[in-house]
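# Observations on the model geometry
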Amino acid sequence: MKTYEIALVPGDGTGPEVVAEGIKVLEKAADKCGFGLNFTRFDLGGEHYKATGEILSDQTLAALGRADAIFLGAIGHPDVKPGILEKGILLKLRFHFDQYINLRPVKLYEGVATPIKGKGPEDIDFVVVRENTEGLYAGAGGVLKYGTPDEVAVQESINTRKGVERCVRFAFEYCRGRNRRKKLTLCGKTNVLTYAFDLWERVFREVAAEYPDIEADYAHVDAICMWMVKNPEWFDVIVTDNMFGDIITDLGAMIQGGMGIAAGGNINPAGVSMFEPIGGSAPKYTGRGVINPIAAIGAAQIMLETLGERRAAGLIEAGIMKVLREDIADVGAGRMGHSTSEVGDLVAAHVEAAA
Ligand code: IPM
Ligand code: MN
């Protein structure tokens, strides 16, 4: 029997609560499909940092590197200055493992309310492929004369031919495999960011020539924001840089029902990938059992898909869909009509009962 080594990073706030529900459902899906999962827990995050002063050791990185995948809850702590944990843990893991794709499905499930009037599940079903290791996130730049009236702050966007091309290629392949509208939209800003997005656009057009079955489309990021709200049905797969991807996927999360639903994968197709609900640690809800674990369960689903366990992933998605359609009153924190663990139990029961 194939057994996968899964590294767990439950992290801060409500992270551990939702990861527990993900595990519950993963175990049922693995039993059902005849593979094993071996979980190893790593205590990373704000509490660990406050207690030990350690953010992420080389030893922990090496241990994580031996896993088949990483399942992460949330990173972020109200007592720790913004940036320390995000850069020291989340971004560090993305960069260290060269997880160059951030895959974020934006799919409205039946039974979930979208704030967009007149749009339903048939209109909102696309995927954002966000470059995940470069751009403004690369950390290039610096500060001069800090704290003085002459202060200069420079933050540069790094776009490498190799980094852009591997991301664009992934997006074309993904679009082909999805086999839906077969349309890939490059989200850029070629009218202003004429160096970075000129590179993106040239690479995009070049690679597009190898994919005649896919419609290669372009839109500026500001227009994408309008259309994601006004005509979300226009999109199938969107590919974009790190910063724009960060922004438009929060917009995407809102139109698919919110942070209780939205999940993503940080993927290195040839290495260790990491899966997470895209919401934060939600300190004010911690320990109350009110957070919706569907986002974490959805991250578990994307993890199994990426590991090649498509049937198990399909069972989890079917379970999620059934729960959203039949069991949950509302997807928002405290409004589900069920506790966090009850929602996990419901999805797990549907997975178990599947034919
Ligand atoms: C995300 C988050 C992170 C990001 C933060 C927490 C560093 O917003 O995964 O989208 O900006 O990538
Ligand atoms: Mn974000």
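Just above sits the structure.
Residues numbered from 1 in each chain as written. Chains lettered and ligands numbered in written order. Predicted model: local features only at pLDDT ≥ 70, side-chain atom pairs only at ≥ 80, totals over all residues. Heavy atoms only, no water.

Another aspect to go through is the overall build of the protein chain. Across its full length, the protein chain carries 11 helices and 12 strands. Computed over C-alpha atoms, the radius of gyration of the protein chain comes to 20 Å, within 12% of the 20 Å expected from 2.2 N^0.38 for 355 residues, which places it in the range of a compact globule. Along the longest, intermediate and shortest principal axes, the C-alpha atoms of the protein chain span 55 × 50 × 40 Å. Going through the 355 residues of the protein chain one by one, you find that 52% of them count as buried. (Helix = DSSP H or I, 4+ residues; strand = E, 2+ residues; numbered from the N terminus. Rg over C-alpha atoms; globule rule 2.2 N^0.38 Å. Buried < 20%, exposed > 50% of the residue type's maximum accessible area, 1.4 Å probe, protein only.)

Turning our attention to helix α7 (residues 221-230). All of the buried residues in α7 are Val221, Ala223, Ile224 and Met228. On an axial view of α7, the arc spanned by its buried residues comes to 145°, and they lie on one face. Opposite its buried face, α7 presents the exposed residues Met226 and Lys230, each directed more than 90 degrees away. (Arc of directions from axis to C-beta.)

Glancing now at the site of ligand 1. Around ligand 1, the structure places Glu86, Leu90, Arg94, Arg104, Arg130, Tyr137 and Asp246. Arg94 is positioned with one of its side-chain polar atoms (N or O) 2.7 Å from an oxygen atom of ligand 1. For ligand 1, whose unbound accessible area comes to 320 Å², protein coverage reaches 75%. Of all the cavities here, the one that holds ligand 1 is the second largest pocket. Among the elements that take part in the shell around ligand 1, helix α4 (residues 84-96) stands out by supplying 3 residues, more than any other. Its residues assigned to classes, the shell around ligand 1 shows 2 nonpolar, no polar and 5 charged. (Near = heavy atom within 4 Å. Polar contact = N/O pair within 3.5 Å; in protein donor to acceptor, adjacent residues only side chain to side chain. Areas by Shrake-Rupley, 256 points an atom, 1.4 Å probe, with all protein chains shown as cover. 1 Å grid on protein atoms, 1.4 Å probe; cavity = no way out; pocket = protein on both sides within 12 Å on 5 of 7 lines; lining within 4 Å. Sits in = over half its atoms within 2 Å of the grid points. Nonpolar A, V, L, I, M, F, W, Y, C, P; charged D, E, K, R; others polar.)

This part takes up a nonpolar patch on the surface. A surface patch of nonpolar side chains, amounting to about 240 Å² of accessible area, comprises Leu144, Val152 and Val154. Note on placement: Val152 falls in strand β7 (residues 152-158). (Patch = residues over 30% accessible without salt bridge, like charges linked within 9 Å, V, L, I, M, F, W, Y side chains within 5 Å. Salt bridge = Lys/Arg side-chain N within 4 Å of Asp/Glu carboxyl O.)

Where burial is concerned, most of strand β5 (residues 125-131) is hidden: 7 out of the 7 residues are buried. A two-sided burial pattern is seen for β5, the buried positions comprising Asp125, Val127, Val129 and Glu131 on one face and Phe126, Val128 and Arg130 on the other. Pairing of β5 with strand β10 (residues 237-240) involves 4 bridges; the strand directions are parallel. Note that in β10 the partner of Val127 across the bridge is Val237. (Pairing = 2+ DSSP bridges.)

In this section: the packing of helix α5 (residues 161-178) against helix α6 (residues 196-208). Two quantities define a packed helix pair, namely the angle between the helix axes and the distance between the axes. The contact between α5 and α6 brings their axes to 9 Å, and the two run at 45°. Considering the angle they form, α5 stands oblique to α6. When the axes of α5 and α6 are compared, the crossing they make is right-handed. Seen from α5, the contacting residues are Arg161, Val164, Glu165, Cys167, Val168, Arg169 and Phe172; seen from α6, they are Leu199, Trp200, Val203, Phe204, Glu206, Val207 and Ala208. Split into classes, the residues belonging to the contact of α5 with α6 amount to 10 nonpolar, no polar and 4 charged. (Axes fitted to C-alpha atoms, helices over the stretch in contact; angles between N-to-C directions. Parallel < 35°, antiparallel > 145°, perpendicular 65-115°, else oblique. Left-handed = near helix turned anticlockwise from the far one by under 90°. Contact = heavy atoms within 4.5 Å.)

Here we take up the packing of aromatic side chains. In this description, a pair of aromatic rings is defined by centroid distance and the angle of the planes. Within this structure, the stated rule accounts for 8 aromatic pairs. Judged by centre distance (5.7 Å) and plane angle (55°), the ring pair of Phe126 and Phe235 falls under tilted. One end of the pair, Phe126, is in strand β5; the other, Phe235, is in the loop between α7 and β10, and 109 residues separate them in sequence. Phe235 gets classed as buried once you look at its relative accessible area, which sits at 2%. Through successive ring pairs, a cluster of aromatic residues spans Phe172, Phe204 and Tyr211. Sitting over the ring of Tyr137, Arg130 keeps its end group 5.0 Å from the ring centre. (Phe/Tyr/Trp six-rings, centres within 6.5 Å; stacked < 30°, edge-to-face > 60°. Lys NZ or Arg CZ within 6 Å of the ring centre and 35° of its normal.)

The terminal C-alpha atoms of helix α10 (residues 310-327) lie 25 Å apart, and with 18 residues this matches the ideal 26 Å at 1.5 Å per residue to within 8%. Among the residues of α10, those classed as buried are Ala312, Ala313, Leu315, Ile316, Glu317, Gly319, Ile320, Val323 and Leu324. Buried residues in α10 make contact with α1 (15-33), β4 (101-107), α9 (294-307) and α11 (340-353). (Expected span 1.5 Å × (residues − 1).)

The next point concerns the sheet that holds strand β11 (residues 263-267). Ordered in space as β2-β1-β3-β12-β11-β4-β5-β10-β8-β9, the 10 strands form an open sheet in which the pairing is mixed. Whereas interior strands pair on both sides, the edge strands pair on one side only; in this sheet they are β2 (36-41) and β9 (215-220). For this sheet, the mean angle separating the axes of adjacent strands, direction not counted, is 25°. Taken strand by strand, α5 contacts β4, β5, β8 (183-188), β9 and β10, and its axis lies near 160° from that of β5.

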